[in-house]
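# Breakdown of the fold
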Amino acid sequence: MKDLILKKFNESSRFLNPIKEFMEDEQEIEIRVDPVIGIISRINMNRVLRPKQKIDELKYSCDYCPFCPDNIERDTPKFTREYFEEGRIKVGGAMVFPNLFPLAELHGVCVFTPKHKLNIIEIDENEIFDGLRASMEFFLIGRRKNLLYHFLGWNHLSSAGASILHPHFQLICSRVGLNYERIIFEASERYWKEKGKSYWRELMKDEERYIGESEGITWIAPWAPMGNFEVIGISTEGISSIMRSNALRGIASGIVKILKAFWSLGIRSINMGVFSYPEQKEWFSFHIRIIARSDSPNDRGFLEIFCGEIGVLAPPEIYSKYIRNFFK
Ligand SMILES: [Zn+2]
């Protein structure tokens, strides 16, 4: 190992910590890069302290949830003045605050509804819309701090990796983009240079796996899904950054239709990610990826974790036709 240059760097995240009577707190995140293979790991030892909600305990009642209205103001962190004067971003029913156990310098949580909704079928368009608008405010903080890349992720339920079950997005601002984002950006630019056209615009023309449209977004199933029942929503106009788009309403309405389709297939937990490039580029259209997760058994095994390949159940040509009905 001594011949290898083991690269690592640190980010520190500062926020007002509710556990310490809202005193300013700082957590270190160590980011390690594998010297040959390029795998990136983010380590924050504080994360072992994360509270974990179990679904059985909360299915019918909500004894304690830090994101429910009675607790959220008391038990979630606030931004320091340097980041956001008012402490927390509030837009409609959505609220954004710093992650108590961050994995990046600027890692936010967006609780997009005050309601403790565990069933994806109950989540409505306005809730997602408020959440997206509040998230854009958070990404503006990142832009002011020169953290230009912005990722929006959603893990719904513990089988999808959520520790708190109350629906929420996670928001990460970064200087150079996260690892897989960078792979996608590079591949998109390479395709543009080789073929003179945008891969994302090509993808939207795919009739076989086409699902439907919502305002500003074209929804398709990908040829090679990254997870079960994956749906991708692509900016119809070829906008590169979600921050420059006026399709937030269309994103929200499309997501809700997909959640309804998933629910009818017996799907209860999901992952979602928004891939967005900070500047307008011909070669990149921002897009949303949504996949279904299975509750039991866990659907991530050696193939997904160690081999970087993904085992899925249904071919996209089949499930896209089913989900298409929810866009009519
Ligand atoms: Zn709750």
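This is a predicted model, so every value here is computed, not measured.

### Some points on the overall build of the protein
Helix and strand content of the protein: eight helices and 13 strands. Taken over C-alpha atoms, the radius of gyration comes to 20 Å for the protein, in line with the 20 Å a tight globule of 328 residues would show. Overall, the C-alpha framework of the protein stretches about 55 × 55 × 40 Å when taken along its three principal axes. Looking at the 328 residues of the protein, the share that counts as buried comes to 43%.

### So, the domain arrangement of the protein
When the domains of the protein are assigned, the result is domain 1 (7–174) and domain 2 (179–327). The straight-line distance from the C-alpha centre of domain 1 to that of domain 2 is 23 Å. Counting residues at the interface gives 24 residues for domain 1 and 27 residues for domain 2. Broken down by secondary-structure element, the contributors of at least two residues to the side of domain 1 that touches domain 2 are α3 (125–144) and β7 (149–156). Of the residues belonging to the side of domain 1 that touches domain 2, the class tally is 16 nonpolar, five polar and three charged.

### Examining the nonpolar core
Generally speaking, nonpolar side chains in soluble globular proteins are found buried as a group. Counting residues in each nonpolar core, the largest one holds 79 residues, and the members touching the most others are Val96, Cys110 and Val231. Among the elements that make up this core, the one with the highest residue count is helix α6 (residues 248–264) (nine residues). Two domains share this core, each providing at least three of its residues, namely domain 1 (7–174) and domain 2 (179–327). Dropping the residues within four chain positions of it, Val231 is found in contact with Ile211, Trp219, Ala221, Ile258, Ile290 and Ile323.

### Describing the sheet that holds strand β11 (residues 228–235)
As summarised here, the arrangement of the ten strands in space is β4-β5-β6-β8-β7-β12-β13-β11-β10-β9, forming an open sheet in which the pairing is antiparallel. Edge positions in the sheet fall to β4 (89–91) and β9 (210–214), since each of these pairs with one other strand and no more. Averaged over all pairs of adjacent strands, the angle between their axes in this sheet comes to 20°, without regard to strand direction. Looking at chain direction, β9 and strand β10 (residues 217–220) are connected through four bridges and run antiparallel. Bridge assignment links Glu213 to a residue of β10, and that residue is Thr218. Lying over the sheet, α3 contacts β4, β5 (94–98), β6 (106–111), β7 and β8 (168–174), oriented at roughly 30° with respect to β5.

### Observations concerning the sheet that holds strand β2 (residues 23–33)
Spatially, β1-β2-β3 is the arrangement adopted by the three strands of the open sheet, whose pairing is antiparallel. The open sheet has two edge strands, β1 (7–17) and β3 (40–43), and neither has a second partner. Averaged over all neighbouring strand pairs, the angle between strand axes comes to 20°, with direction disregarded. As judged from the four bridges shared by β2 and β3, these two strands associate in the antiparallel manner. Among the inter-strand pairings, Arg32 is bridged to a residue of β3, identified as Ser41.

### Here we look at the environment of Ala261
In this fold, Ala261 is placed in helix α6. We classify Ala261 as buried; it has 21 C-beta atoms within 10 Å. Counting along the chain gives 66 residues from Ala261 to Phe327, while the straight-line C-alpha distance between them is 9.4 Å. With near-sequence residues (within four places) excluded, Ala261 lies in contact with Tyr322, Ile323 and Phe326.

### Notes on unusual backbone geometry
You will see that Phe22, though not glycine, has its phi angle at about 60°, which is positive. Within the secondary structure layout, Phe22 lies in the loop between β1 and β2. Even without glycine at this site, Asn146 takes up a positive phi of about 65°. Overall, Asn146 belongs to the exposed group, with 8 C-beta atoms counted inside 10 Å.

### Side note on helix α8 (residues 316–324)
An α-helical turn contains 3.6 residues, so any two residues separated by three or four positions project in the same direction. Burial in α8 covers these residues: Pro316, Tyr319, Ser320 and Ile323. Projected down its long axis, α8 shows its buried positions confined to an angular sector of 105°, all on one face. Among the exposed residues of α8, those oriented more than 90 degrees off its buried face are Glu317 and Ile318. Against the buried residues of α8 lie β9, β10, β11 and α6.

So, how was this worked out
- Residues numbered from 1 in each chain as written.
- Predicted model: local features only at pLDDT ≥ 70, side-chain atom pairs only at ≥ 80, totals over all residues.
- Helix = DSSP H or I, 4+ residues; strand = E, 2+ residues; numbered from the N terminus.
- Rg over C-alpha atoms; globule rule 2.2 N^0.38 Å.
- Buried ≥ 20, exposed ≤ 12 C-beta atoms within 10 Å, placed from the backbone.
- Domains from an automatic or database assignment.
- Contact = placed C-beta atoms within 7 Å.
- Nonpolar A, V, L, I, M, F, W, Y, C, P; charged D, E, K, R; others polar.
- Core = buried A, V, L, I, M, F, W, Y, C linked by C-beta atoms within 7 Å.
- Pairing = 2+ DSSP bridges.
- Axes fitted to C-alpha atoms, helices over the stretch in contact; angles between N-to-C directions.
- Arc of directions from axis to C-beta.

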